[in-house]
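Notes for the structure review
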2 protein chains.
Amino acid sequence: MTTDAEDEPPEDELWAIDMVLDQLADKWALRILCAYYPDMAPIRFNELKRRVGGISQKILSQQLRKLERSGLLERRVLPGRLLGVEYAITPLGHTLQEPISALYKWAEAHAGDVRAAQASFQADA
Amino acid sequence: MTTDAEDEPPEDELWAIDMVLDQLADKWALRILCAYYPDMAPIRFNELKRRVGGISQKILSQQLRKLERSGLLERRVLPGRLLGVEYAITPLGHTLQEPISALYKWAEAHAGDVRAAQASFQADA
DNA sequence: CGGTATCCAAAAAGATACTG
DNA sequence: CAGTATCTTTTTGGATACCG
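1. Things to note about the protein's contact with DNA strand D
The local shell around DNA strand D holds 21 residues, among which A:S61, A:R75, A:V85, A:Y87 and B:K58 are the closest. Sugar plus phosphate: this is where 63% of the atoms of DNA strand D within 4 Å of the protein reside. Within the backbone of A:N46, an N or O atom sits 3.1 Å from a phosphate oxygen of DNA strand D. The contact in question runs from a phosphate oxygen of DNA strand D to an N or O atom on the side chain of A:S61, over 2.4 Å. Elements with a contribution of two residues or more to the surface near DNA strand D: α3 (45–52), α4 (57–69) and β3 (85–89) of chain A together with α4 (57–69) of chain B. Top element by residues in the surface near DNA strand D is α4(A). It accounts for four residues. For the surface near DNA strand D, a count of residues per class yields seven nonpolar, six polar and eight charged.

Below, the structure written as structure tokens:
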């Protein structure tokens, strides 16, 4: 019998999800995307560096290239005499902002709870 | 006991959000929490290991302790004849399932888009 | 079954210097 | 301003082996 009561997701899609999670599951990717919250306006390289905080140029550059390759961000050279580059959220990246924002808002709302849990964990042990 | 002791020094309330993101922004935390999706039932250690896939006992153990300290998971020793432990989602962890699920669903829905973007990125250059 | 301890390899990140 | 190159340090992960 080929009919399962459970869902039968294609294996091809399964590792694709894994691949997508790989894009986001590192120290910086989520933070970089959170830097666009809530206005989602394009951000220039050094401003991004300032907004994220504690990230080196090298890592930021790497991450931006990764996010650009994934189609979440778009790199734009600013025209005119002003030497500059900005990174804008693509339409695809924009669809990700909802889940990201949800995560960010959760962090805002429950940061105290997490801290309290960590504090009481020591006391419990 | 201290194989890889990772301590988060208490910081300001402003940095609490950052601390929360630190809990989630690594290779495994999101995947482990995704393993509970969609039924959110408690999962035993080795079943969790199988569901996550590709994770070693050591890392899984580390991550579970971290998530337990953060109050997202609860470790329960199973009573009775069977030697076993299960990890259950706490009420706090349950509130996180919504953002996590949103992220997971996004990955499901847009995995193809990301792949296409990565493919066209080479061609574009 | 559900972990820990130890050792080791690999990957990520940081500092610094340099470039167009 | 916006990076790249190079080197070093730090962090992470995997492979056992072993324990309650």
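Still to come is the rest of the account.
2. Looking at the environment of A:P42
All names here are of chain A. Relative to the helices and strands, P42 resides in the loop between α2 (29–34) and β1 (43–44). As a C-alpha pair, P42 and E86 span 44 residues in sequence and 6.0 Å in three-dimensional space. For P42, the residues in contact, after removing those within four places along its chain, are Y36, R76, E86, Y87 and A88.

3. With respect to the interface of chain A and chain B
Contact residues are listed per partner, giving 41 residues for chain A and 38 residues for chain B. Buried area between chain A and chain B, both sides added, is near 4,000 Å², and the carbon and sulfur share of it is 72%. If you look at where chain A meets chain B, you find four salt bridges. Among the ionic pairs, A:D22 bridges to B:R31, the shortest N-O distance being 2.3 Å. Contributions of two or more residues to the side of chain A that touches chain B are made by α1 (11–24), α2, α4 and α5 (91–124) of chain A. Residue composition of the side of chain A that touches chain B, grouped by class: 23 nonpolar, six polar and twelve charged.

4. Overview of the relation of the copies chain A and chain B
Of the two same-sequence chains, chain A is brought onto chain B (RMSD 0.1 Å, axial shift 0.0 Å) by a rotation of 180°. Both copies are brought into coincidence by an operation consistent with a two-fold rotation axis. Within chain A, A:D26 has its C-alpha nearest the rotation axis, a separation of 2.3 Å. Interface residue correspondence from chain A to chain B reaches 88%, placing this contact among same-surface, isologous pairings.

5. Notes on the packing of aromatic side chains
Where two aromatic rings form a pair, the distance of their centres and the angle of their planes describe that pair. Inspection of every chain in the model, using the stated rule, returns two aromatic pairs over all chains. Where A:Y37 meets A:Y104, the ring centres are 4.7 Å apart and the plane angle is 50°; that geometry is what we call tilted. Remark: A:Y104 occurs in helix α5 and A:Y37 occurs in the loop between α2 and β1; sequence separation between them is 67 residues. Here the basic side chain of B:R31 rests over the ring of B:W28, its NZ or CZ set 6.0 Å away from the ring centre.

The rules behind these values
- Residues numbered from 1 in each chain as written.
- Chains lettered and ligands numbered in written order.
- Predicted model: local features only at pLDDT ≥ 70, side-chain atom pairs only at ≥ 80, totals over all residues.
- Heavy atoms only, no water.
- Near = heavy atom within 4 Å.
- Polar contact = N/O pair within 3.5 Å; in protein donor to acceptor, adjacent residues only side chain to side chain.
- Helix = DSSP H or I, 4+ residues; strand = E, 2+ residues; numbered from the N terminus.
- Nonpolar A, V, L, I, M, F, W, Y, C, P; charged D, E, K, R; others polar.
- Contact = heavy atoms within 4.5 Å.
- Buried area = accessible area lost by both parts, 1.4 Å probe.
- Salt bridge = Lys/Arg side-chain N within 4 Å of Asp/Glu carboxyl O.
- Least-squares fit on C-alpha atoms with pLDDT ≥ 70 in both.
- Phe/Tyr/Trp six-rings, centres within 6.5 Å; stacked < 30°, edge-to-face > 60°.
- Lys NZ or Arg CZ within 6 Å of the ring centre and 35° of its normal.

Read these as geometric descriptors, not functional statements.
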